[in-house]
Amino acid sequence: MNIAIVGSGPAGCYLADQVLRLVPEAKVDVVDRLPVPFGLVRYGVAPDHQSTKAVSRILDRVLSHKQVNFFGNVDVGRDVTIDNLLDYYDAVVLATGASRDHRLGIPGEDLPGVIGSGEFVAWYNGHPDSSPPLVENVRSAVVIGNGNVAIDVARVLAKTPAELAGSDLSSEITQHLAAQPLESIHIVGRRTGSDVKFTPHELAELGTLQRARAQVLDKSQLSGGAPILETFRKFEPRTDAPVTIDFHFGMTPIAFSGTGRVERARFRCADCTERELAADLVVTCIGYESLACCNESPTNGIFKNDDGKVRDRLFVVGWAKRGPSGVIASSRNDAQVVAQKIAKEVTAKGGSGGESLRNQLVQVGVRFVDHSGWKRINAAEIARAGEQRCRNKFTSRAQMLEAAQDSGAQ
Ligand code: NAP
């Protein structure tokens, strides 16, 4: 059986692994539009959470399996279509994630300085398609949303360069963030403190930062028995921190305003009053949706599916299947279910799979990167890391392709 998986993030790699467990003779090709694999792990997980990024070693083992081929730098839609893949392979699986930011749909959202977390996180993680957001003279940053992405964004803004040592945040972005005259970060949720989606470990970490004091000024917001409230209550009062991280609850964003760039964020409070916060930067961390792939379009942010099946021989896994929720390991459970469906429903029809894909890519002149090409990029990024970083990522495709050369790049 020949399977093509579109997307080499955790969902795609876990699926390849699960398929091979159930169908040991299967051949699995994993295609990614970037020359480098691991999607969300490389470009979504925060650069200072290297223990979470360590899952890439497990994913890399999947890609190095002798029956798995990596085709990096191949854009499904531009270089090859889903229909092409369905011709070449017995089944095609979309593991394309959810990369577009949800929008609030309120006035001022397009002002410079208002940015979705997907774009912001892609920027600080060195994604080659990201463009630098307006992060200048930031005294007051407003982070909207009460999920773990909001925590990541606040933490990266608040950490000192010393705290970011050992991460893979580039030294340019580290210096740029350190140069901001930051005084306050406001993390704003529309519901109560009991309703937050933060996990206790991530929330508690905000209480341990060198230069920032995490606090909930209105203690009445912390009454109740929800276990997460205990984490808020444990934040130590401090007077030595130049930056405050203030949590606000029950505040729904209604508008951003400013002259030429964002300056203020306006909210409707639970008691129907309105409140304004100074905002030189606003990062909206309110979830993501999937992008269309060829003629397949998402509905309500995901590809409509029945337990992972989109239609005959076309499947979907991960955030593209269920929406942007859960930890990385959740995609493994998801992959198990979809792999079982594939093992049960798909029959080998004798197509030539990777050979046909390779021929088409050569024909259209795509310089694709195989697993050994990725290994060479990986080694080069680690070699140029310097003392303060665990990796210095290439931030352009051209650099990546150059580093991949002579090791399988075609
Ligand atoms: P999330 O956990 O779903 O949180 C999204 C937040 O946005 C919620 O507080 C939600 O409020 C709010 N929101 C949505 N629409 C809004 C609107 N129109 N106005 C105001 N607020 C709005 O999503 P996430 O933070 O993007 O994280 C995605 C997934 O990745 C989660 O499963 C998360 O745990 C995971 N993740 C994990 C880690 C980690 O483990 N370290 C790090 C990052 C991300 P409501 O609750 O009111 O809808």
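Draft legend 1. Examining the sheet that holds strand β7 (residues 140-144) more closely. Reading across the sheet, the 6 strands line up as β6-β14-β7-β8-β10-β9 and stay open at both edges, with parallel pairing between neighbours. Each of the sheet's edge strands pairs with one partner strand only, and the pair in question is β6 (114-116) and β9 (212-215). Along the sheet, successive strands turn relative to each other by an average axial angle of 15°, direction set aside. Along the sheet, helix α6 (residues 117-124) contacts β6 and β14 (281-284); its crossing angle with β6, the most-contacted strand, is approximately 85°.

Draft legend 2. Inspection of helix α7 (residues 148-158) at higher detail. Of all 11 residues in α7, 9 are buried; the element is thus mostly enclosed. Within the span of α7, buried status applies to Ala-150, Ile-151, Asp-152, Val-153, Ala-154, Arg-155, Val-156, Leu-157 and Ala-158.

Draft legend 3. Summary view of the layout of surface pockets. If you add up the space inside the second largest pocket, you get close to 350 Å³. Lining the second largest pocket we find 18 residues, and of these Gln-50, Lys-53, Ser-56, Asn-378 and Arg-391 sit closest to its centre. Looking at the lining of the second largest pocket, the elements with two or more residues in it are α2 (39-43), α3 (50-53), α4 (55-63) and α15 (371-383). The biggest single contributor to the lining of the second largest pocket is α15, with 4 residues. Class assignment of the residues belonging to the lining of the second largest pocket gives a composition of 7 nonpolar, 3 polar and 8 charged.

Draft legend 4. Structural context of the packing of aromatic side chains. A full pass over the atoms with the stated rule returns 11 aromatic pairs. Relative to Phe-247, the ring of Phe-198 lies with its centre 5.8 Å away and its plane at 70°, an arrangement referred to as edge-to-face. Here Phe-247 lies in strand β10 (residues 243-248) and Phe-198 lies in the loop between β8 (184-188) and α10 (200-205), a separation of 49 residues in the sequence. Phe-198 gets classed as buried once you look at its relative accessible area, which sits at 4%. Aromatic pair Phe-232 and Phe-247: ring centres 5.1 Å apart, planes at 75°, arrangement edge-to-face. Separated by 15 residues along the polypeptide, Phe-232 in helix α11 (residues 227-233) and Phe-247 in strand β10 bring together distant segments of the chain. Per residue, the accessibility class of Phe-232 equals that of Phe-247, and both read buried. Taken together, the ring pairs connect Phe-198, Phe-232, Phe-235, Phe-247 and Phe-249 into an aromatic cluster.

What counts and how
- Residues numbered from 1 in each chain as written.
- Predicted model: local features only at pLDDT ≥ 70, side-chain atom pairs only at ≥ 80, totals over all residues.
- Heavy atoms only, no water.
- Pairing = 2+ DSSP bridges.
- Helix = DSSP H or I, 4+ residues; strand = E, 2+ residues; numbered from the N terminus.
- Axes fitted to C-alpha atoms, helices over the stretch in contact; angles between N-to-C directions.
- Contact = heavy atoms within 4.5 Å.
- Buried < 20%, exposed > 50% of the residue type's maximum accessible area, 1.4 Å probe, protein only.
- 1 Å grid on protein atoms, 1.4 Å probe; cavity = no way out; pocket = protein on both sides within 12 Å on 5 of 7 lines; lining within 4 Å.
- Points joined across faces, edges and corners; volume = space filled by probe spheres on them.
- Nonpolar A, V, L, I, M, F, W, Y, C, P; charged D, E, K, R; others polar.
- Phe/Tyr/Trp six-rings, centres within 6.5 Å; stacked < 30°, edge-to-face > 60°.

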